[in-house]
Amino acid sequence: MQKLSETDVQTKLTNLNAKAKSSWSTQYNKLRKEFAFNDFKEAFAFMTKVAEVAEAMDHHPDWSNSYKRVTIELMTHDSGGITELDFELAEKIENLLV
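Residues numbered from 1 in each chain as written. Predicted model: local features only at pLDDT ≥ 70, side-chain atom pairs only at ≥ 80, totals over all residues. Heavy atoms only, no water.

Quick word on the overall build of the protein chain
Working step 1: Secondary structure assignment for the protein chain yields three helices and four strands.
Working step 2: By the compact-globule yardstick of 13 Å for 98 residues, the protein chain fits well, its C-alpha radius of gyration being 13 Å.
Working step 3: Each principal axis of the C-alpha distribution contributes one length, and for the protein chain these read about 40 × 25 × 20 Å.
Working step 4: The burial tally for the protein chain puts 39% of its 98 residues in the buried class.
Working step 5: Surface exposure of the protein chain reaches about 5,900 Å², of which carbon and sulfur atoms provide 47%.
Working step 6: Of the charged side chains in the protein chain, 12 are positive and 16 negative; the average position of the first set lies 7 Å away from that of the second. (Helix = DSSP H or I, 4+ residues; strand = E, 2+ residues; numbered from the N terminus. Rg over C-alpha atoms; globule rule 2.2 N^0.38 Å. Buried < 20%, exposed > 50% of the residue type's maximum accessible area, 1.4 Å probe, protein only. Areas by Shrake-Rupley, 256 points an atom, 1.4 Å probe, with all protein chains shown as cover. Lys, Arg positive; Asp, Glu negative; His and termini not counted. Charge placed at Lys NZ, Arg CZ, Asp CG, Glu CD.)

Shown next, in the form of C-alpha coordinates:
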(Lines give C-alpha, C1' and ligand atoms only; values in the text may rest on other atoms or scores of the structure.)
Protein backbone atom coordinates (compact mmCIF):
# COMPACT_ATOMS: atom_id res chain seq x y z
CA MET A 1 0.00 0.00 0.00
CA GLN A 2 1.31 3.43 -0.93
CA LYS A 3 1.99 6.18 1.60
CA LEU A 4 -0.45 9.09 1.24
CA SER A 5 0.72 12.61 0.45
CA GLU A 6 0.44 15.21 3.22
CA THR A 7 -2.42 16.85 1.31
CA ASP A 8 -4.31 13.55 1.08
CA VAL A 9 -3.69 12.85 4.77
CA GLN A 10 -5.08 16.25 5.77
CA THR A 11 -8.16 15.83 3.54
CA LYS A 12 -8.88 12.37 4.91
CA LEU A 13 -8.20 13.55 8.46
CA THR A 14 -10.77 16.32 8.07
CA ASN A 15 -13.33 13.81 6.77
CA LEU A 16 -12.59 11.36 9.58
CA ASN A 17 -12.88 14.02 12.26
CA ALA A 18 -16.22 15.15 10.85
CA LYS A 19 -17.54 11.70 11.86
CA ALA A 20 -15.51 11.17 15.04
CA LYS A 21 -16.60 11.83 18.61
CA SER A 22 -13.26 13.54 19.23
CA SER A 23 -10.39 14.43 16.97
CA TRP A 24 -7.71 12.28 15.46
CA SER A 25 -4.44 14.08 14.78
CA THR A 26 -1.17 13.35 13.07
CA GLN A 27 2.03 13.11 15.03
CA TYR A 28 5.37 11.68 13.91
CA ASN A 29 3.85 10.47 10.63
CA LYS A 30 1.09 8.52 12.41
CA LEU A 31 -2.63 8.93 12.98
CA ARG A 32 -3.14 9.36 16.72
CA LYS A 33 -6.04 9.53 19.14
CA GLU A 34 -6.52 9.21 22.87
CA PHE A 35 -9.73 7.66 24.11
CA ALA A 36 -11.08 8.12 27.65
CA PHE A 37 -13.44 5.68 29.34
CA ASN A 38 -15.21 5.46 32.68
CA ASP A 39 -12.85 2.85 34.09
CA PHE A 40 -10.18 0.26 33.28
CA LYS A 41 -12.71 -2.47 32.50
CA GLU A 42 -14.41 -0.32 29.86
CA ALA A 43 -11.05 0.67 28.34
CA PHE A 44 -9.93 -2.95 28.18
CA ALA A 45 -13.21 -4.05 26.58
CA PHE A 46 -12.68 -1.40 23.89
CA MET A 47 -9.14 -2.65 23.29
CA THR A 48 -10.47 -6.18 22.87
CA LYS A 49 -12.94 -5.00 20.23
CA VAL A 50 -10.22 -3.06 18.41
CA ALA A 51 -7.94 -6.11 18.53
CA GLU A 52 -10.58 -8.24 16.81
CA VAL A 53 -11.07 -5.68 14.03
CA ALA A 54 -7.33 -5.15 13.59
CA GLU A 55 -6.66 -8.88 13.42
CA ALA A 56 -9.38 -9.34 10.79
CA MET A 57 -7.74 -6.58 8.73
CA ASP A 58 -4.22 -7.88 9.46
CA HIS A 59 -3.34 -4.31 10.37
CA HIS A 60 -2.27 -3.77 13.96
CA PRO A 61 -2.13 -0.49 15.90
CA ASP A 62 0.60 0.81 18.12
CA TRP A 63 -1.20 1.49 21.36
CA SER A 64 -0.98 1.94 25.07
CA ASN A 65 -3.34 1.77 28.01
CA SER A 66 -3.13 3.58 31.31
CA TYR A 67 -6.06 2.92 33.63
CA LYS A 68 -9.07 4.37 31.76
CA ARG A 69 -7.19 5.85 28.79
CA VAL A 70 -6.24 4.16 25.53
CA THR A 71 -3.91 5.83 23.04
CA ILE A 72 -3.89 4.47 19.49
CA GLU A 73 -1.37 5.30 16.77
CA LEU A 74 -1.80 4.05 13.22
CA MET A 75 0.72 3.86 10.40
CA THR A 76 1.57 1.32 7.75
CA HIS A 77 5.11 0.31 8.66
CA ASP A 78 5.84 -1.28 5.26
CA SER A 79 4.99 2.03 3.57
CA GLY A 80 6.76 4.24 6.08
CA GLY A 81 3.76 6.39 6.81
CA ILE A 82 0.01 6.82 6.75
CA THR A 83 -1.93 4.93 4.09
CA GLU A 84 -5.55 4.36 3.16
CA LEU A 85 -5.46 1.25 5.37
CA ASP A 86 -4.82 3.40 8.44
CA PHE A 87 -7.86 5.52 7.73
CA GLU A 88 -9.97 2.39 7.15
CA LEU A 89 -8.96 1.06 10.55
CA ALA A 90 -9.54 4.45 12.21
CA GLU A 91 -13.08 4.54 10.81
CA LYS A 92 -13.76 1.02 12.05
CA ILE A 93 -12.46 2.00 15.48
CA GLU A 94 -14.81 4.99 15.50
CA ASN A 95 -17.71 2.71 14.59
CA LEU A 96 -17.01 0.64 17.71
CA LEU A 97 -17.88 3.68 19.82
CA VAL A 98 -21.39 4.11 18.38
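Here's the deal with helix α2 (residues 40-57)
Working step 1: If you check α2, its first and last C-alpha atoms are 26 Å apart, about what 18 residues at 1.5 Å a residue would give, namely 26 Å.
Working step 2: Restricting attention to buried positions, one finds in α2 the residues Ala43, Phe46, Met47, Val50, Val53, Ala54 and Met57. Buried residues of α2, seen end-on, are gathered within an arc of 125° and therefore sit on one face of the element. The exposed set on the far side of α2, more than 90 degrees from its buried face, consists of Lys41, Glu52, Glu55 and Ala56.
Working step 3: Packing partners of the buried residues in α2 comprise β2 (30-36), β3 (62-66), β4 (69-74) and α3 (84-96).
Working step 4: You can read the cap of α2 off the contacts: a side-chain oxygen lies 3.3 Å from the backbone nitrogen of Lys41, and it is on Asp39. (Expected span 1.5 Å × (residues − 1). Arc of directions from axis to C-beta. Contact = heavy atoms within 4.5 Å. Polar contact = N/O pair within 3.5 Å; in protein donor to acceptor, adjacent residues only side chain to side chain.)

Some words on the sheet that holds β2
Working step 1: The strand order β1-β2-β4-β3 describes an open sheet built from four strands, whose pairing is antiparallel. If you trace the sheet from one side to the other, it starts and ends with β1 (25-27) and β3, each paired once. Sheet twist, expressed as the average angle between the axes of neighbouring strands with direction ignored, equals 25°.
Working step 2: Across six bridges, β2 lies against β4 in antiparallel orientation. (Pairing = 2+ DSSP bridges. Axes fitted to C-alpha atoms, helices over the stretch in contact; angles between N-to-C directions.)

Things to note about the environment of Ala54
Working step 1: As for its position among the elements, Ala54 is in helix α2.
Working step 2: Setting aside anything within four residues of it in sequence, one finds Ala54 in contact with His59, His60, Pro61 and Leu89.

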